[in-house]
Structure formats: structure tokens, C-alpha cells
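Chain by chain, the residues run as shown.
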Amino acid sequence: MANSRKQDNLIGESNAFLSILDHVSQVAPLDKPVLIIGERGTGKELIAKRLHFLSSRWEQPYITLNCAALNENLLESELFGHESGAFTGAGKRHEGRFERAHKGSLFLDELANTSGLIQEKLLRVIEYGEFERVGGSRSVRTDVRLICATNEDLPDLAEQGEFRADLLDRLAFDVITLPPLRERTEDILLLAEHFAINMARQLHMSMFPGFTSTARQTLLDFHWPGNVRELKNVVERSVYRHNNDTLPVHQIILDPFQSPWRPEQRVKTQDRQSPPPVSTAPVAPEPATPAAPQSSATNGKPVLPLDFKETVQSFEVDLLKQALEESQFNQKRTAEMLGLSYHQLRGILKKYDLL
Ligand SMILES: Nc1ncnc2c1ncn2[C@@H]1O[C@H](COP(=O)(O)OP(=O)(O)OP(=O)(O)O)[C@@H](O)[C@H]1O
Ligand SMILES: [Mg+2]
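Residues numbered from 1 in each chain as written. Chains lettered and ligands numbered in written order. Predicted model: local features only at pLDDT ≥ 70, side-chain atom pairs only at ≥ 80, totals over all residues. Heavy atoms only, no water.

Caption draft 1: Representation of the overall build of the protein. Tallying secondary structure elements over the protein gives 15 helices and 9 strands in all. Among the 355 residues that make up the protein, the fraction classed as buried is 43%. Put simply, 69% of the contacts in the protein that link residues at least 6 apart link residues at least 24 apart. Accessible surface computed for the protein: about 19600 Å², of which carbon and sulfur atoms make up 51%. (Helix = DSSP H or I, 4+ residues; strand = E, 2+ residues; numbered from the N terminus. Buried < 20%, exposed > 50% of the residue type's maximum accessible area, 1.4 Å probe, protein only. Contact = heavy atoms within 4.5 Å. Areas by Shrake-Rupley, 256 points an atom, 1.4 Å probe, with all protein chains shown as cover.)

Caption draft 2: Examining the site of ligand 1 more closely. Near ligand 1 you find 18 residues, and of these Asn9, Ile11, Gly41, Lys44 and Arg229 are the closest. In the model, a nitrogen atom of ligand 1 is placed 3.3 Å from a nitrogen or oxygen of the Asn9 main chain. In isolation ligand 1 offers 640 Å² of accessible surface; the protein chains occlude 87% of this area. Of all the elements in the fold, those that place two or more residues in the shell around ligand 1 are α3 (44–53), α9 (188–202) and α11 (227–242). (Near = heavy atom within 4 Å. Polar contact = N/O pair within 3.5 Å; in protein donor to acceptor, adjacent residues only side chain to side chain.)

Caption draft 3: Quick peek at helix α4 (residues 72–80). Along α4, the residues classified as buried are Leu75, Glu76, Ser77, Glu78, Leu79 and Phe80. Packed against the buried residues of α4 are β2 (62–66), α5 (97–100), β3 (105–109), α6 (116–128) and β4 (130–132). Where α4 begins, the side chain of Asn71 points an oxygen toward the backbone nitrogen of Asn73, at a separation of 3.2 Å. Note on α4: the residue one or two positions beyond its end, Gly81, has a positive phi of about 80 degrees.

What follows is the structure, given as C-alpha cells:
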């Protein structure tokens, strides 16, 4: 296990992660489609690759395509290829990914929002193992194992009629659902060290000097909405800004946008509701600490009339953001700073969609 983990750089020792690896090893040898589901940055691409390399097709092509990156026409031609002159600009005949992946595996990433036409063509390839190139009438046979990934709830989309249920049935012979990083905190420091050592090497540092215990605690306490990718970014940024190979890294830079000069942020709750009331009052410059709702205030006094609920909410959001930033997004410390219990704080963060 340790060896193969090292080979494809899949790091993790938590039970949740190890049971995913077992699941992958179990389903890999079967010649059946697999669907990988997980929040952004949880490692879906790495798992897809591992599925291929643990399968009997491992010496054959492993081809990938991100379906969200292309419009319907381009996606169709990338998947299925096109004949020469099939459409304006289609010069030579183009081999699609299904042809290139023949005898190997095809990884289709972010396939949740593909159009009805693409879904129909996919269904046909899975059913009959054949398709036509765009602009062609001859059927092309292909033997491809499909691995698909999404961070959307496909059964839900299928129920709403936005994804073909019959296609979902076929794609999801088995489903591997990756746990978010916050649910496998045992892996955080392991991953952080791995990314830090790589970064130190890239920076030609003689060694990675480690993290201070406060830095480690910050990494452990953060909720990682962007999962492993976010952790990688944060660690690499913190090591590079620290730029010292003798003193341990003490500051974890969770938010690169954090700056006293950051332009004023729009309040999330206002963004989602109707536009904020138009205020004719001059907007006061951003203060170092929010003393009162500033968006409609002069000399610290709110200008009436105003929307009471919206103004109070905006003040609360400012306070929460300030406390979160000052505590380096450590929620326990944030709660202490605001005189709230941890659970009260979590409730309020949830209410404002700040979790
Ligand atoms: N277990 C892991 N060990 C080492 N690195 C990992 C692990 N999981 C993820 N990563 C790294 O995290 C980053 C994100 O992984 P990946 O691209 O596979 O995620 P994803 O689920 O496909 O994300 P998205 O939904 O945003 O496309 C990559 O740099 C990957 O190498
Ligand atoms: Mg991905």
C-alpha cells in the first residue's frame, strides 16, 4: 500500500481515505463505468487515474476531457471526432477522445451540465460501443472504460429532469464518493508536510523547517471548503512567503486577498437579496475596525431612513469577517473574540453562508 500510495502521490492515512483506496482497488479490475463524486479539490482526478492504472487497461491510453470547459459543438467534436469539412473550420479529419482512448480508459470530468445531445450520444456509446464522428455516417466501434466525475448531486439533477436518468444508471455501475478534507482531519498535517517539502525543494531551500504548533493548529482548525487543492495552495504560499529554511513556518496565509487596502466587499446576504437601498449619503472610507454599519453612515451615525434588518446584518457580517481574519480563520478563537460559544458562532456563520 505504502508503495503504490507513493507512486501516484495519493497521500492519506485516515480511515475514510483508506477505505476509499480499498474501494478503488476493488472496482478497478472490473470493466465497468465508475462515477467519482466529491466536493471541489477532493482528489477526483487522482482517483480516476489510479482506477485506470490499477485496471487491466493500465498499459493502454488514459485519456481525459473536462466537459465543462467546452460548448456543446466543441465537446461533441472533442468526444466523437469529426470528418473533414464537417463544419466551417473543420479541416482534416479529427480523432475524438473515444477513438484515442480505444482499449484504454476515458475520464470525463465535470459532466453534470452536458447537453441533452451529448448525453444521448454518450448513452449510445455505452449501450452499443459505437458512435459516428460529427459530419460522418459511418459507425466507429470503440472499447473504452468510462470514468466520470462531478461535484454535483447527479441523482438530484436526474430527478429534476436535468440529467438523463438512464445515462446515470449506466455511468454509475459503482460510485466512489470522496470525503471532504474537514471530515478527515488526520490527513491534514500529512498532506501539509508533503506539499511543504515539495515547495521547499522548488524554492531550493536546504530543507523544510517544519511548522510551529500554532501554525499546525491553524491548519487543523480551518474548514477547507476548497479541500486538498486549497490546502496545497495555502501551504505553498505560506512556505514561500516565509522563505527561511531554519525557522519553522509560523504564519499560515489562508487568504491571499487579506490586506488593509482590500476594496470594500459587498455583503453576501445583500448580494442574494434585492439590491441594497440607494443611499444618497457619501460612502465613508473603510475604517480599521468597523465601529458601526458604514455603508449608510456619516460621522459614525447611520443615515435614516434605512433598512433596519439589512443594516444590522451587514454590521454582523463585517464583525464576523474581521474576527475571522484576525484569528486566521480559527473558529474557536473567533468565537472567543466575539464572546460567543463555538456552537453559537457556527450557527451564525451558517446563517450568513460564511462557513
Ligand atoms: N490524497 C491526496 N494526496 C496528495 N495530493 C492530493 C490528494 N488529493 C488531492 N490532491 C491534490 O489536490 C489537488 C486537487 O486534486 P484534484 O484535481 O484531483 O481534485 P478534484 O476533486 O478533481 O477537484 P475539482 O473538482 O476542483 O476538479 C491536486 O493538486 C492534487 O494533486
Ligand atoms: Mg477535477
